[in-house]
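Listed below, chain by chain, are the residues.
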Amino acid sequence: MSPSPALQLQEVHKSFGPTPIIRGVTLDVVAGERHAVIGPNGAGKSTLFNIVSGRFPPTRGTVRLKGTDITGQPPFEINRRGLSRSFQVTNIFPRLSVHENVRCSVLWSLRYRYSLWHRVDRLRDVEDRTERILAQINLSARQDVPAGVLTYAEQRALEIGITIAGGADVILLDEPTAGMSHSETEYAVELIRGLSGGKTLVIVEHDMGVVFNLADRISVLVYGEIIATDTPDRIRANRAVQDAYLGTEHH
Amino acid sequence: MMDGRPSAAVSVPLAGVAARRGRRAWPWLLAAAGLCVLPLVPGLDSNFVRSLVSQMGIAAVFALSFNMLLGQTGLLSFGHAVYFGLGGYVAIHGMRLINAGLPIPIPLVPLFGAAGGLFFGVLIGSVTTKRAGTVFAMITLGLGELVVAASLMLTRFFGGEEGITANRTRAPHLFGLTFASQLEVYYLIAFWAFLSVALMSAFTRTPLGRMCNAVRDNPERAEFVGYNPQRVRLLAFAVSAMFAGVAGGLHAVNYEIVAAEALGAARSGAVLLMAFVGGIGSFFGPILGAMVITWLQVSLSDYTTAWQLYFGILFIIIVLFAPGGLAWLIALHLPLARARMLHTVLPGYLAALAPALVMVLGGSLLLEINYRLATKPELGTRMSLFWVAMDVSRPWPWIAGLAMLAGGFYAFRRSWALVAAGWHAASERMREDGAP
Amino acid sequence: MLELVIFSTLNGVVYGLLLFMLSSGLTLIFSMMGVLNFAHASMFMLGAYFSYQVGKLVGFWPALVLAPLLVGLIGAGVERYGLRHVHRHGHVPELLFTFGLAYLIEEIVVMGWGRNPIENRVPATLDFPLFTLFTTSYPAYKAFMMAVSIGMFVALYLVLKRTRIGLIIQAALTHPSTVAMLGHNVPQVFMRVFAAGTALAALAGVIGGFALLTTPNMAAALGPIVFVVVVIGGLGSLGGALIASLAIGIMQTFAVALDVSLLDLLRHAGVAIGRESALFELASIKIAQAAPMIPYVLLVLMLIVRPKGLLGTRET
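In this text, all values refer to a predicted model and were calculated from it rather than measured experimentally.

Asker: How would you explain the overall build of chain C if you had to name every residue and give the values?
Answerer: Helix and strand counts for chain C come out as 13 helices and two strands. Taking 20 Å as the expected radius of gyration for a compact globule of 316 residues, we find that chain C reaches 21 Å, a close match to that expectation. Going through the 316 residues of chain C one by one, you find that 45% of them count as buried. A separation threshold of at least 6 residues defines the contact pool for chain C, and within that pool the share at least 24 residues apart is 77%.

Here it is in structure tokens:
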């Protein structure tokens, strides 16, 4: 018996005004796999992430997270059900310290919620998890700096740190290595590989090196439709994919 | 500060970044001891001082509750006096019930204020916090007007222009406290003000308090780490309204009367002034602002009827040139003080002070003449300003005012170079010493 | 009854158009610059006072043009030397700056003209009854007010539709972020829009000064209502502002004319509320008395039903 999919999209459509962006996406992401979504610019990859994470609802279709229908739920509800995402354009709390950025993401999952009767700096479990995450993203030394003054690469690392700190088991990363140098990218890939152990990872990425290095399975999104979902080797060999996407990259 | 001068372009420092510093208890103990001893110190043991400090305490609680919204949650309210006033009304009605025989001692009356503030905070906040940013500001203004209009219509609860009165001495006397003397009232207010400040300080370190900062900075990201920003805003609003209600309750005990002005636009503007002058970027800034503005309100209104105009000018100057308020100015000088280098910038300040005084004197001379002529034309053109008798139908007072204003301004601008030079020297030296 | 309905409608439309003259300028400035000009109603007030002062020197008709121009110049100065300076600190300091300015202008007006209302009289050329219906005559100046505001909208419409800057403003209304991409001389465009917006407010002040009492607190009285109009219409929407202005204008005018209370209505329906009842006071308020609250009650209702406003699309 195959494990139930961590994420299940059924006939998802999204139009902005009269313009269809997502045109009927059906996709199962198996629990525990690392799944990459690739496709040319404007294919609708970020829109797909926005629908799944609740930033806006789909026009049609359903999204299920670990079997529960989450279609049209607000982002915080979806996050509480165990899905967390990062952003393509860095989206952090610029005036809070690095430490606090991570801590904000820890609080809800450790059930402190809107508490008025705990003192955050005395919460052992919060402190432990925050420090662990900071160590993992290699920002322990910079934890008291306002996040807004970090370097670009550091902010990208923090972005990932905030995304995983809540302990979600389904992680969506939107172009985590965008704008990084070669060595920074290599570091980021190792970071992501380390952090995603035991979790379900969906990643949008343009860097084919990263994709083929990291992903267990790849889906190719072209003009709002998934034209193929398969293992990296078979995607590489797929004619339709080559014609529509990969081929154009290698000319 | 890189260019070595106190530039206004330095972004407003905000509460939260340095929240992980170790916290010490001694400033709190010192403040508590100070509040206990203050009204007994020879020279300060007059009823005037006790009453002034009482007013400062009430204003400080109110200003801090306001900054819980503005500085911490990023919500600018133009109608915060609504919760002060409604808390005050609930408290004064509570006092009337006590007068009528309800067995509750007077020191617990501020709790009525807290309950009133909390109740109306939740009620009205559930509407206002649906939006954030600029729209929130506009909505609070509209709702403030709504409550003022309602208060003038529902005279049974609000008592119209005359307000509602009660008697704080006709109550169960706990430990023999009758609250007939200003000293006893002072201690009551000092106790509640201290407790409120401590609780509001503790609030900033709760999970909710920290998430207020997060929602202020980036409400969208807060949604993606599991928090509903609208809920965070509503809770912050309710807690803030509760403390505003405490301040209103203290006001009720202090004056034994609450009238429509307690919830009006003028008081909402005053609390904004206090918080901003003190500095919305630090926790203690609004307390400082509340003390300074209360003192100015009490003292300036003795000398001039145009004090509101001066407040307006002060406010604009702070917004334009020191948006971080007094707390920011102090924070700017702390590193210098620690490095024992205040003396390098002092000459520049002294050089700027003299022309600044001339400028202020000239400006206020012109303002006073105008104000007097416009608001009290029946008193004629002869007047005594700054202890000098003058006849303003002649040109000399005007020329003198204009000359002082213009000359002072020119010299002030020139003296600024000295201030900049002082800062430059100080920052150079600090860099050499490797000081932080 | 018909008489009441006709005249209340006419008066309501005049008042509504006046509100729209204010809210349209506010909307334009907000859409372009992201600044909510708290001092907008103060510019309206300055328009009223300036037209009175200038009118005493050169007569009403030149003042109708000169006063808005003067206030527009002041607006340009405020943008150039004030707003531009605080802009880098963000929107809250901008809002606070205009808030302080509104406060200051009120005090300056007190200093210039005293606390009491000035006698801002309708010029003789407009001071006659235009027509008489039943027993009530309609004053010519109200028709003039209507003509000026409608004339202003036509001009505004043409500018928006037919000129380059109009296209830029339209783009800004729908896509605020595009203004930043306009490239050259954005500050110049900002200054002009701000000046034009304040001049519009002042023009409204010139003609509104007749209908409303010209006192130093007229700005404080009208400002919140204009804000309510903008929120109800939907921030950044001129069409929404127009609908909300007319709706509030007409509703308030009708309410003022209704000298009945809930108590009276209930009595007609055969329900009596005793003097001792807690509801007695609430129910005995005449609708006319409650008229000033109408805009704010509408605001609350709108926020509950549709927080974005009638035609609003923007969140903040």
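Right, picking up where we left off after that structure.
Asker: Describe the overall build of chain A, with residues and values.
Answerer: Secondary structure assignment for chain A yields nine helices and ten strands. Counting the 251 residues in chain A, one finds 43% classified as buried. Partitioning the intrachain contacts of chain A with sequence separation of at least 6 by distance along the chain shows that 65% fall at a separation of at least 24.

Asker: Summarise the interface of chain B and chain A; cite the residues concerned and give the values.
Answerer: Facing the 24 residues of chain B at the interface are 35 residues of chain A. Going through the elements one at a time, helix H8 (207–217), helix H9 (219–223) and helix H10 (229–255) of chain B are the ones with two or more residues in the side of chain B that touches chain A. Counting residues per element, the side of chain B that touches chain A draws most heavily on H8(B), at seven residues. Residues belonging to the side of chain B that touches chain A are distributed by class as follows: ten nonpolar, six polar and eight charged.

Asker: Which residues make up the arrangement of the chains, and what values do they have?
Answerer: With two pairs of chains in contact, the largest contact count belongs to chains B and C. Considering only C-alpha positions, the minimal separation of the non-contacting chain A and chain C is 13 Å.

Asker: Got a sec to walk through unusual backbone geometry? Specific residues and values, please.
Answerer: Positive phi is not limited to glycine here, since Glu175(A) has a value of about 45°. You can see Glu175(A) is positioned in the loop between strand S7 (170–174) and helix H6 (182–195). In this model, Arg340(B) sits at a positive phi of 50°, which is unusual for a non-glycine residue. Structurally, the position occupied by Arg340(B) is in the loop between helix H14 (325–338) and helix H15 (342–375). For Arg340(B), a count of 9 C-beta atoms within 10 Å corresponds to the exposed category.

Asker: Give me the pairing of strand S3 (residues 382–385) of chain B: which residues, what numbers.
Answerer: Residues and elements named next belong to chain B. Here S3 runs beside strand S4 (residues 388–391); their pairing, made up of four bridges, is antiparallel. Across the sheet, the residue bridging to Arg 382 is Asp 391, located in S4. Between the antiparallel neighbours S3 and S4 lie two residues, among them Phe 386 with a positive phi of about 50°.

Asker: How would you summarise the environment of Phe136(B) if you had to cite specific residues and measurements?
Answerer: Mapped onto the elements, Phe136(B) comes out in helix H5 (residues 133–153). A count of 23 C-beta atoms within 10 Å places Phe136(B) in the buried class.

Asker: So what's going on with the nonpolar core? Residues and values would help.
Answerer: Ranked by internal contacts, the top residues of the largest apolar core, which has 272 residues, are Ala60(B), Val61(B), Ala63(B), Phe44(C) and Ala202(C). Excluding anything up to four places from it in sequence, Val61(B) contacts Ala193(B), Ser196(B), Val197(B), Phe243(B), Val246(B), Ala247(B) and Leu250(B). Of all hydrophobic cores here, the second largest spans five residues; its members include Leu336(B), Val345(B), Trp423(B) and Ala426(B).

Asker: Requested: an account of the interface of chain B and chain C, with residues and values cited.
Answerer: Each partner contributes to the interface: chain B provides 39 residues, whereas chain C provides 44 residues. Of all elements in the fold, only H5, helix H11 (265–278), helix H13 (307–321) and H15 of chain B reach the threshold of two or more residues within the side of chain B that touches chain C. The element best represented in the side of chain B that touches chain C is H5(B), accounting for 14 residues. A per-class count over the side of chain B that touches chain C returns 27 nonpolar, eight polar and four charged.

Asker: Give a description of the sheet that holds S7(A) that names residues and reports values.
Answerer: All names here are of chain A. The sheet built from six strands is open, its strands ordered S6-S7-S8-S3-S9-S10 with mixed pairing. A single partner strand is all that each edge strand has here, and the edge strands are strand S6 (83–85) and strand S10 (225–230). Strand-to-strand twist of the sheet, defined as the mean angle between neighbouring strand axes without regard to direction, takes the value 15°. The sheet contact formed by strand S3 (residues 34–38) and strand S9 (residues 217–222) spans four bridges and is parallel. Looking at the pairing, Ile 38 lines up with Val 220 of S9. In the packing of helix H5 (residues 152–165) onto the sheet, the strands contacted are S6 and S7, and the crossing angle to S7 comes to about 160°.

Asker: Can you explain the sheet that holds strand S4 (residues 60–65) of chain A? Please cite residues and give values.
Answerer: Two strands in a sheet stick together by hydrogen bonds in their backbones, pointing the same way (parallel) or opposite ways (antiparallel). All names here are of chain A. Here four strands make up an open sheet; going across it, the order is S2-S1-S4-S5 and the pairing antiparallel. Each edge of the open sheet carries a strand with a single partner, namely strand S2 (19–30) and strand S5 (68–69). In this structure, strand S1 (residues 5–16) lies alongside S2, joined through nine bridges in antiparallel fashion. Bridging from a neighbouring strand, Lys 14 pairs with Ile 22 of S2. Sitting on the sheet, helix H1 (residues 45–53) is in contact with S1, S2 and S4, with an inclination near 65° to S2.

Asker: Outline the domain arrangement of chain A, listing residues and values.
Answerer: All names here are of chain A. The domain architecture assigned to chain A consists of domain 1 (1–82 + 200–251) and domain 2 (84–167). Each of domain 1 and domain 2 was reduced to a C-alpha centroid, and the two centroids are 27 Å apart. Counting residues at the interface gives five residues for domain 1, matched by five residues for domain 2. When contributions to the side of domain 1 that touches domain 2 are tallied by element, the ones reaching two or more residues are H1 and helix H2 (75–80). Top contributing element to the side of domain 1 that touches domain 2 by residue count: H1, with three residues. Residue classes in the side of domain 1 that touches domain 2 are distributed as one nonpolar, three polar and one charged.

Asker: Could you give me a rundown of the pairing of S9(A), with the residues and numbers involved?
Answerer: Residues and elements named next belong to chain A. Summarising the sheet, S9 and S10 pair through five bridges and their orientation is antiparallel. Across the sheet, Ile 218 pairs through a bridge with Asp 230, a residue of S10. Connecting S9 to the antiparallel partner S10 that follows it, the hairpin turn spans two residues, and Tyr 223 within it adopts a positive phi of roughly 45°.

Asker: Lay out the packing of helix H3 (residues 60–87) of chain C against helix H4 (residues 91–113) of chain C in plain terms, naming residues and giving numbers.
Answerer: Any two packed helices are characterised by how steeply their axes cross, that is the angle between the axes, and by the distance between the axes. Residue and element names in this part refer to chain C. Running from N to C, H3 and H4 cross one another at 145°; their axes reach a closest spacing of 8 Å. H4 is crossed by H3, and the crossing has right-handed handedness. Every residue of H4 that contacts H3 at Val 78, Gly 82, Leu 83, Val 86 and His 87 is listed here: Pro 93, Glu 94, Phe 97 and Leu 101. Looking at side-chain class alone, the contact of H3 with H4 contains six nonpolar, two polar and one charged residues.

Asker: Go over H1(A) with me, naming the residues and quoting the values.
Answerer: A turn of α-helix holds 3.6 residues, and therefore any two residues three or four places apart point the same way. Residues and elements named next belong to chain A. In terms of burial, H1 is largely enclosed, as eight of its nine residues are buried. Those residues of H1 that sit buried are Lys 45, Thr 47, Leu 48, Phe 49, Asn 50, Ile 51, Val 52 and Ser 53. Looking at the residues trailing H1, positive phi occurs at Gly 54, about 90°.

Asker: Quick rundown of helix H4 (residues 109–128) of chain B? Include the residues and the values.
Answerer: Here H4(B) is 20 residues long and its end C-alpha atoms lie 28 Å apart, about the 28 Å a rise of 1.5 Å per residue gives. The sharpest bend along H4(B) comes to roughly 30°, located at Val122(B).

Asker: Give me the lowdown on the packing of H11(B) against H13(B), citing residues and values where you can.
Answerer: All names here are of chain B. Between H11 and H13, whose axes approach to 10 Å, the crossing angle comes to 40°. Here H11 lies oblique to H13, going by the angle between them. Relative to H13, the crossing made by H11 is left-handed. Residues Leu 273, Phe 276 and Val 277 of H11 touch H13, and the partners they reach there are Phe 311, Leu 314, Phe 315 and Ile 318. Across the contact of H11 with H13, the residue classes tally to seven nonpolar, no polar and no charged.

Asker: An account of the environment of Leu418(B) is needed here, citing residue identities and associated values.
Answerer: Residues and elements named next belong to chain B. Following the sequence through the fold, Leu 418 ends up in helix H16 (residues 396–433). Exposure remark for Leu 418: the 16 C-beta atoms within 10 Å place this residue in the partly exposed category. Remark: the alpha-carbon pair of Leu 418 and Gly 269, spanning 149 residues in sequence, is separated by 36 Å. Not counting residues within four places of it along the chain, the set of residues in contact with Leu 418 comprises Pro 347, Gly 348 and Ala 351.

Calculation notes
Residues numbered from 1 in each chain as written. Chains lettered and ligands numbered in written order. Predicted model: local features only at pLDDT ≥ 70, side-chain atom pairs only at ≥ 80, totals over all residues. Helix = DSSP H or I, 4+ residues; strand = E, 2+ residues; numbered from the N terminus. Rg over C-alpha atoms; globule rule 2.2 N^0.38 Å. Buried ≥ 20, exposed ≤ 12 C-beta atoms within 10 Å, placed from the backbone. Contact = placed C-beta atoms within 7 Å. Nonpolar A, V, L, I, M, F, W, Y, C, P; charged D, E, K, R; others polar. Pairing = 2+ DSSP bridges. Core = buried A, V, L, I, M, F, W, Y, C linked by C-beta atoms within 7 Å. Axes fitted to C-alpha atoms, helices over the stretch in contact; angles between N-to-C directions. Domains from an automatic or database assignment. Left-handed = near helix turned anticlockwise from the far one by under 90°. Expected span 1.5 Å × (residues − 1). Bend = angle between axes of the 7 residues up to and from the residue. Parallel < 35°, antiparallel > 145°, perpendicular 65-115°, else oblique.

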